[in-house]
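# Analysis of the macromolecular model
Here's the letter readout for the chains.
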Amino acid sequence: MPLARVALVGCGKVAQVHVAALRSLPDVELVAACDALPDRAASFAAAHGVRPFTEVPTMLREAKPQAVIIGTPHPRHAEPAVQAAEAGVHVLVEKPLAANLADCDAMLAAARKGGVTLGVISQRRFCPAVRRMKEAVDAGKIGTPSLGVFLGYNWRDAAYYQSDPWRGKWDTEGGGVLVNQSPHQLDILLWLMGPAAEVSGYWANVNHPTVEVDDTAVASIRFQSGGLGSIATSVSQKPGIYTKVHIHGSNGASVGVETDRGATFVAGLSGVAAPPLNDLWTIPGEEDRLAAFQAEDRAAFATVDGTSYYHALQFADFFGAIREGRQPVVTGEAGRAVVELFAAIYRSSREGKPVTLG
Ligand SMILES: NC(=O)c1ccc[n+]([C@@H]2O[C@H](COP(=O)([O-])OP(=O)(O)OC[C@H]3O[C@@H](n4cnc5c(N)ncnc54)[C@H](O)[C@@H]3O)[C@@H](O)[C@H]2O)c1
């Protein structure tokens, strides 16, 4: 099978995870790395034996990648994504797809125009515990998903926000806990509950006086299906406690995952220490399977690099989708739905009333 030639845009913290994940894929070759900071591009490229670039168009022209993986700060996702897509290069963007809907729409339009695949990272969708929930929901084992709950009790300290100049500011990060730490679970919630129809929300900054953005947010959702949703997400618990998504069905049965134990990992600074585990499973006749699911997932996790493994699974799906001419599991449209949801929560908080989506 021919190697897929891949380039990275953004050589910061998450790029370390990308390199480790790419290394585990036999049919993918990293050919170039681009960062706006010349020293960072040079040292990263030297460390990984690829060509450094500081401008995306030059990199596309000279290194001729077939796909780019974008790991720049959120408001800086759209420009390189559009440049690559318009040049006929497939694009996989780190979460969230963008910080606003206009950027999402520009990326989706460029991908359509360039005839390329656009995907967004949501690596927790590839955890066995989450896949199991999706299969159970799709098989109708909980009836209709009627209540989806996302709880995230995380911690980020002042040093985290000071680690890069773009963090903690509306202009350069696009938001706080909703935009940075929550897209994974917002995506899982939408994947399992279906599209959101209406949202009411509030955000606050509880204990991060040196940053502008939200460290805590809550929301109530009505989904298009008629199902309801509830979100409480925060980086103000010290220490971080857990992050969970629970889906309750019309037949009374529930399935759930603890996606993260303690605080979520910070790429480049900490790792994923514990596997995502099902923490709730009351499907009739399957109530006793929870312990076996957990044991299976703990055993499998012990054999992999938990920090890059789920990215590698998503990369494999993305490159497989390109080869097979199918959609990736996490599409650009799914990324847009997450951005639409958090943008609606901010707007609802600002305007003091529910916001209709779609
Ligand atoms: N999926 C995950 O679990 C996960 C984990 C961490 C970060 N992320 C996401 O990855 C992205 C980057 O986060 P990070 O922690 O690596 O940030 P970072 O600041 O460590 O790295 C970003 C890099 O992008 C470079 N850059 C900025 N603008 C650029 C441009 N126009 N062209 C080329 N390079 C540019 C910066 O110089 C920097 O080196 C964010 O979207 C973040 O949400 C995802």
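Let me begin by describing the structure that accompanies this report. Just so you know, these numbers come straight off a predicted model, no measurement behind them.

The rules behind the values
- Residues numbered from 1 in each chain as written.
- Predicted model: local features only at pLDDT ≥ 70, side-chain atom pairs only at ≥ 80, totals over all residues.
- Heavy atoms only, no water.
- Pairing = 2+ DSSP bridges.
- Helix = DSSP H or I, 4+ residues; strand = E, 2+ residues; numbered from the N terminus.
- Contact = heavy atoms within 4.5 Å.
- Axes fitted to C-alpha atoms, helices over the stretch in contact; angles between N-to-C directions.
- Salt bridge = Lys/Arg side-chain N within 4 Å of Asp/Glu carboxyl O.
- Buried < 20%, exposed > 50% of the residue type's maximum accessible area, 1.4 Å probe, protein only.
- Near = heavy atom within 4 Å.
- Polar contact = N/O pair within 3.5 Å; in protein donor to acceptor, adjacent residues only side chain to side chain.
- Areas by Shrake-Rupley, 256 points an atom, 1.4 Å probe, with all protein chains shown as cover.
- 1 Å grid on protein atoms, 1.4 Å probe; cavity = no way out; pocket = protein on both sides within 12 Å on 5 of 7 lines; lining within 4 Å.
- Sits in = over half its atoms within 2 Å of the grid points.
- Phe/Tyr/Trp six-rings, centres within 6.5 Å; stacked < 30°, edge-to-face > 60°.
- Lys NZ or Arg CZ within 6 Å of the ring centre and 35° of its normal.
- Right-handed = clockwise from strand over helix to strand, strands pointing away.
- Parallel < 35°, antiparallel > 145°, perpendicular 65-115°, else oblique.
- Nonpolar A, V, L, I, M, F, W, Y, C, P; charged D, E, K, R; others polar.
- Expected span 1.5 Å × (residues − 1).
- Arc of directions from axis to C-beta.
- Points joined across faces, edges and corners; volume = space filled by probe spheres on them.

### A short note on the sheet that holds strand β10 (residues 228-234)
Consider a sheet: its strands pair through backbone hydrogen bonds, and that pairing is either parallel or antiparallel. Reading across from one edge, β13-β12-β11-β7-β10-β9-β8-β14 is the order of the eight strands in this open sheet, with mixed pairing throughout. The sheet terminates laterally at β13 (277-281) and β14 (355-356), the two strands that pair on one side only. The sheet strands contacting helix α6 (residues 128-138) are β7 (145-153), β11 (242-249), β12 (254-261) and β13, and the helix crosses β13 at an angle near 35°. Most of the contacts of helix α9 (residues 183-193) go to β7, to which it runs at about 170°, and overall it touches β7, β8 (196-204), β9 (216-223), β10, β11 and β12.

### Some remarks on the pattern of salt bridges
Side chains carrying opposite charge are able to pair once their charged atoms draw close together. Inspection of the entire model under this criterion finds 19 salt bridges. With a closest N to O distance of 2.7 Å, glutamate 324 and arginine 326 form a salt bridge. Taking the relative accessible area as the measure of exposure, glutamate 324 reaches 54% and is therefore exposed. Arginine 326 sits in the partly exposed class, given a relative accessible area of 33%.

### Brief notes about the site of the ligand
Near the ligand, the surroundings consist of 27 residues, among which Val14, Asp35, Arg40, Lys95 and Trp166 are the closest. Within the side chain of aspartate 164, an N or O atom sits 3.5 Å from an oxygen atom of the ligand. Within the side chain of histidine 311, an N or O atom sits 3.5 Å from a nitrogen atom of the ligand. Burial of the ligand by the surrounding chains reaches 90%, relative to a free accessible area of 850 Å². Its atoms largely coinciding with the cavity grid, the ligand occupies the largest pocket.

### Details of the packing of aromatic side chains
According to the stated counting rule, one finds eight aromatic pairs in the structure shown. The interplanar angle of 80° and the centroid separation of 4.9 Å between the aromatic rings of tyrosine 160 and tyrosine 161 together place this pair among those described as edge-to-face. The residues tyrosine 160 and tyrosine 161 share a single accessibility class, namely buried. Members of the aromatic cluster, connected to one another through ring pairs, are Trp170, Trp203, Phe342 and Tyr346. Arginine 156 extends its terminal NZ or CZ atom over the ring of tyrosine 160, reaching a point 5.1 Å from the ring centre. In this arrangement the basic side chain of lysine 244 is found over the ring face of tyrosine 242, its NZ or CZ atom lying 4.4 Å from the centre.

### What to know about the pairing of strand β1 (residues 4-9)
Counting buried positions along β1 gives five out of six residues, so the element sits mostly inside the fold. Relative to strand β2 (residues 28-34), β1 is paired through six bridges, and the arrangement is parallel. Looking across to β2, one finds that alanine 7 is bridged to alanine 32. Following the backbone out of β1, through helix α1 (residues 13-23) and into the adjacent parallel β2, one traces a crossover that is right-handed. Sheet topology places β1 next to strand β4 (residues 67-70); four bridges connect them, and they run parallel. Its bridge partner lying in β4, valine 9 is registered against isoleucine 70.

### Focus: the packing of α6 against helix α10 (residues 290-301)
Each packed pair of helices is defined by two parameters, the angle between the axes and the distance between the axes. At a closest axis distance of 10 Å, the pairing of α6 and α10 adopts a crossing angle of 140°. Viewed along their axes, α6 and α10 adopt a mutual orientation that is oblique. On the side of α6, the interface is formed by Pro128, Ala129 and Arg132, while α10 contributes Phe293, Glu296 and Asp297. Considering only residue class, the contact of α6 with α10 consists of three nonpolar, no polar and three charged.

### Describing helix α5 (residues 101-114)
The end-to-end C-alpha distance of α5 is 20 Å, a good match for the 20 Å that 14 residues give at a rise of 1.5 Å each. For α5, the full list of buried residues reads Asp103, Cys104, Met107, Leu108, Ala110 and Ala111. Within α5, the buried residues cover an arc of 160° as seen down the axis, which keeps them to one side. Across from the buried face of α5, at angles greater than 90 degrees, the exposed residues are Ala102, Arg112 and Lys113. Contacts made by the buried residues of α5 are with α4 (78-86), β5 (90-93), β6 (118-120) and α12 (332-351). Its side-chain oxygen 3.1 Å from the backbone nitrogen of alanine 102, asparagine 100 forms the N-cap of α5. One or two positions beyond α5, positive phi appears at glycine 115, with a value near 65°.

### Let's talk about the layout of surface pockets
Put simply, the largest pocket is a space of about 1,100 Å³. Taken together, 44 residues form the lining of the largest pocket, with Gly71, Thr72, Pro73, His74 and Trp166 sitting closest to its centre. Of all the secondary-structure elements, those providing two or more residues to the lining of the largest pocket are α1, α3 (56-63), α4 and α8 (170-173). No other element matches the three residues that α4 contributes to the lining of the largest pocket. When grouped by side-chain class, the residues that make up the lining of the largest pocket number 16 nonpolar, 15 polar and 13 charged.

### Details of the packing of α5 against α12
Packing of α5 against α12 brings their axes to within 9 Å, and their N-to-C directions diverge by 170°. Between α5 and α12, the interaxial angle falls into the category roughly antiparallel. On α12, the residues that touch Leu101, Cys104, Asp105 and Leu108 of α5 are Gly332, Glu333, Arg336, Val339 and Glu340. Looking at the contact of α5 with α12, its residues break down into four nonpolar, one polar and four charged.

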